[in-house]
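Residues per chain, in single letters:
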Amino acid sequence: MHKTLVAVRSTGASLMVVALALAGTACGGSTSTGQAGSIRVVAAENFWGSIAAQLGGSKANVQSVVSDPNADPHEYESSTNDARAFADADLVIVNGAGYDDWGQKLLAANPSSNRRVVTVAQLVGKKAGDNPHFWYNPDYVTRVADQITSSYKTIDSADATYFDQQRTAFAGSLKPYLDRIAEIKAKFGGKPVGSTESIFVYMANALSLDLISPPEFMQAVSEGNDPPASTVATFQDQITSRTIKVLVYNVQTATSITTNFKAIATANHIPVVGISETLQPKNATFQSWQLSQLVDLENGLSAGTS
């Protein structure tokens, strides 16, 4: 079955604003940042676009293709405008690992010897079939930021010092996000949790949470398929027995099974915490978006383990 896109609800926690000494801001769709004549950057998704914009500052004009909170990057269909943007870009950032194959097709259809490409999957040693939600892995985020900075310095070597300064400032802006991860790990490491999709796997590992949902269930739902009946039964038992302390779900997609599991979790007084695939709200920075979700998660864990 195909996943049904749903409207994104706001998170319960207040969005925490991270002070940034950076000129760049996140952008999406056809909206760009930076000055005319600067480095032309196209990011397949706005979470990578937010990072690229902050690292590029006034020297980069960043366009994010997938930024609609109701759009599923897995199923996005590219347009002629996207093809033109890819053809004209100095730098293209794609996720890879089957997450945005449309982007790979645009690159192949519009070859350029002057364009640099950052494919996150290749950078972190992953391939199609592996979990593609790399932006939920803090270590991968750091590696992508380093690679984007390196690409900027290659494209515009005269401004290398500026890009190093932007990278340092971005590292500082990530501190509240990384500190919150360390805090949750220290307080709740080892606690059993559940997730309706594989989107949460990397962050659960970073937090040392025990994600006990059947992997086959999470993978099937992420791909828009029916999970095996045995995994449905196992997961439901984990909820009704209150083995898991929190249920994490993707707010941008819904199926009859995941909607039912949310209801069962609520009936059993298990906190339900939503996370998203793209920036929420879409004009948030990567780090403020992630921090807001972590605050919601920590609150859920506090309630679920009290």
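On a predicted model such as this, the values are computed, not experimentally measured, just so you know.

Asks: Tell me about the overall build of the protein, and please be specific about residues and values.
Replies: Of the regular secondary structure elements, the protein holds twelve helices and ten strands. By the burial criterion, 55% of the 306 residues in the protein qualify as buried. Relative to all contacts within the protein whose residues are 6 or more apart in sequence, the contacts with residues 24 or more apart total 73%. Total accessible area on the protein stands at roughly 12400 Å², and carbon and sulfur atoms take up 49% of it.

Asks: Mind laying out the sheet that holds strand S4 (residues 91-94), listing which residues take part and the relevant values?
Replies: Across the sheet, four strands lie side by side as S3-S2-S4-S5; this open sheet has parallel pairing. Edge positions in the open sheet fall to strand S3 (60-66) and strand S5 (116-119), since each of these has one partner strand only. Taking the axes of each pair of neighbouring strands and ignoring which way they run, one obtains an average angle of 15° across the sheet. Summarising the sheet, S4 and S5 pair through four bridges and their orientation is parallel.

Asks: Tell me about the pairing of strand S6 (residues 192-195), and name the residues and values.
Replies: Side chains of S6 alternate between two faces, with Pro 192 and Gly 194 and Val 193 and Ser 195 buried alike. Tracing the backbone out of S6, into helix H8 (residues 201-206) and back to the parallel element strand S7 (residues 210-211) gives a crossover that is right-handed. Alignment of S6 against strand S8 (residues 247-250), held across two bridges, turns out to be parallel. Each bridged residue has a counterpart across the sheet, and for Ser 195 the counterpart in S8 is Val 248.

Asks: An account of the environment of Asp 68 is needed here, citing residue identities and associated values.
Replies: Topologically, Asp 68 is positioned in the loop between S3 and helix H2 (80-88). Accessibility expressed as a relative area gives 39% for Asp 68, which makes it partly exposed. Along the sequence, Asp 68 and Leu 279 sit 211 residues apart, while their C-alpha atoms lie 8.8 Å from each other. For Asp 68, the residues in contact, after removing those within four places along its chain, are Gln 252 and Thr 278.

Asks: Can you break down unusual backbone geometry residue by residue, with the values?
Replies: Of note, the amide linkage connecting Gln 280 to Pro 281 takes the cis form, showing an omega dihedral of -10°. Looking at the element boundaries, Pro 281 is found in the loop between strand S10 (272-275) and helix H12 (286-304). With a phi close to 60°, Ser 208 is a non-glycine residue in the positive phi region. With respect to the helices and strands, Ser 208 occurs in the loop between H8 and S7. Judged by its relative accessible area of 31%, Ser 208 falls in the partly exposed class.

Asks: Tell me about the sheet that holds S7, and please be specific about residues and values.
Replies: If you trace the four strands from one edge of the open sheet to the other, you get S7-S6-S8-S10, paired in parallel fashion. With one partner strand each, in any of the chains shown, S7 and S10 form the two edges of the open sheet. Contacting S6, S8 and S10, H12 runs over the sheet at an angle of about 165° to S10.

Asks: Please provide a residue-by-residue account of the nonpolar core, values included.
Replies: In terms of nonpolar packing, the biggest core is built from 57 residues, with Trp 48, Tyr 152 and Phe 200 touching the most fellow members. Not counting residues within four places of it along the chain, the set of residues in contact with Tyr 152 comprises Ile 39, Val 41, Ala 52, Leu 55, Gly 56, Ala 60, Val 62, Leu 91 and Phe 163. Counting residues in hydrophobic clusters, the runner-up holds 13 residues, among them Val 66, Ala 83, Val 94 and Leu 106.

Asks: Run through the environment of Ser 288, naming residues and quoting values.
Replies: Following the sequence through the fold, Ser 288 ends up in helix H12. Residue Ser 288 is classed as buried on the basis of its relative accessible area, which comes to 7%. Remark: the alpha-carbon pair of Ser 288 and Leu 174, spanning 114 residues in sequence, is separated by 8.9 Å. Within the structure, the side chain of Ser 288 is placed 2.9 Å from the side chain of Thr 285, a separation counted as a polar contact.

Asks: Break down the packing of helix H1 (residues 46-56) against H12 for me, with residues and values.
Replies: At a minimum axis distance of 8 Å, the contact between H1 and H12 shows a crossing angle of 130°. The pairing of H1 with H12 is recorded here as oblique in orientation. Of the residues in H12, those in contact with Phe 47, Ser 50, Ile 51 and Gln 54 of H1 are Phe 286, Gln 287 and Trp 289. Split into classes, the residues belonging to the contact of H1 with H12 amount to four nonpolar, three polar and no charged.

Asks: Give a detailed account of the packing of aromatic side chains, specifying residues and quantitative values.
Replies: Per the counting criterion, the structure on display carries 18 aromatic pairs. Taken together, a centroid distance of 6.2 Å and an interplanar angle of 40° make the contact between Phe 134 and Tyr 202 tilted. Here the residue Phe 134 occupies a position in the loop between helix H4 (120-123) and helix H5 (138-155), and Tyr 202 occupies one in helix H8, the gap between them amounting to 68 residues. When the ring of Phe 235 is compared with that of Phe 261, the centres are 5.1 Å apart and the planes differ by 85°; the resulting orientation is edge-to-face. You can see Phe 235 sitting in helix H10 (residues 229-240) and its partner Phe 261 sitting in helix H11 (residues 256-267), a full 26 residues away along the chain. Accessibility expressed as a relative area gives 1% for Phe 261, which makes it buried. In this structure, Lys 262 is placed above the aromatic ring of Tyr 249, and the distance from its NZ or CZ to the ring centre is 4.0 Å.

About the cut-offs
- All residue numbers here refer to positions counted from 1 along the written sequence of the relevant chain.
- Only residues with pLDDT of 70 or above have their local features reported here, since the model is predicted, and side-chain atom pairs are shown and tallied only from 80 upward, although totals for entire chains, interfaces and linings are computed over all residues.
- Side-chain metrics in this entry use all non-hydrogen atoms of the structure; hydrogen atoms and water are not considered.
- Under the DSSP-based scheme used, a helix requires at least four consecutive residues in state H or I and a strand at least two consecutive residues in state E, with every element numbered from the N terminus.
- For every residue, the accessible area (1.4 Å probe, protein chains only) is compared with the maximum for its type, and the residue is labelled buried under 20%, exposed over 50%, or partly exposed between those bounds.
- Contacts were defined at the residue level, with two residues in contact if any of their heavy atoms lie within 4.5 Å.
- Accessible surface area values rest on a Shrake-Rupley calculation with a 1.4 Å probe, where residue burial reflects the displayed protein chains alone.
- Strands are treated as partners if at least two bridges between them are detected by DSSP.
- Axis lines are fitted through C-alpha atoms, for helices just across the contact stretch, and the angle between N-to-C directions can take any value from 0 to 180 degrees.
- Look down the strands so they point away from you; if the path from the first strand over the helix to the second goes clockwise, the crossover is right-handed.
- Nine residue types can take part in a nonpolar core, namely buried Ala, Val, Leu, Ile, Met, Phe, Trp, Tyr and Cys, and a core is a set of them joined through side-chain atoms within 4.5 Å.
- Between N or O atoms, a polar contact is any pair within 3.5 Å; within protein, one atom must be a potential hydrogen donor and the other a potential acceptor, and residues adjacent in sequence are included only when both atoms are from side chains.
- Every angle not falling under 35 degrees, over 145, or within 65 to 115 is termed oblique; those three ranges are roughly parallel, roughly antiparallel and roughly perpendicular.
- Gly is placed with the polar residues, together with every amino acid not listed as nonpolar (Ala, Val, Leu, Ile, Met, Phe, Trp, Tyr, Cys and Pro) or charged (Asp, Glu, Lys and Arg).
- Planes of paired rings set the category: under 30 degrees apart is stacked, over 60 is edge-to-face and the rest tilted, where pairs are Phe, Tyr or Trp rings (Trp by its six-membered ring) whose centres lie within 6.5 Å.
- For a ring to carry a charge above it, either NZ of a lysine or CZ of an arginine must fall within 6 Å of the ring centroid while also lying within 35 degrees of the normal to the ring plane.

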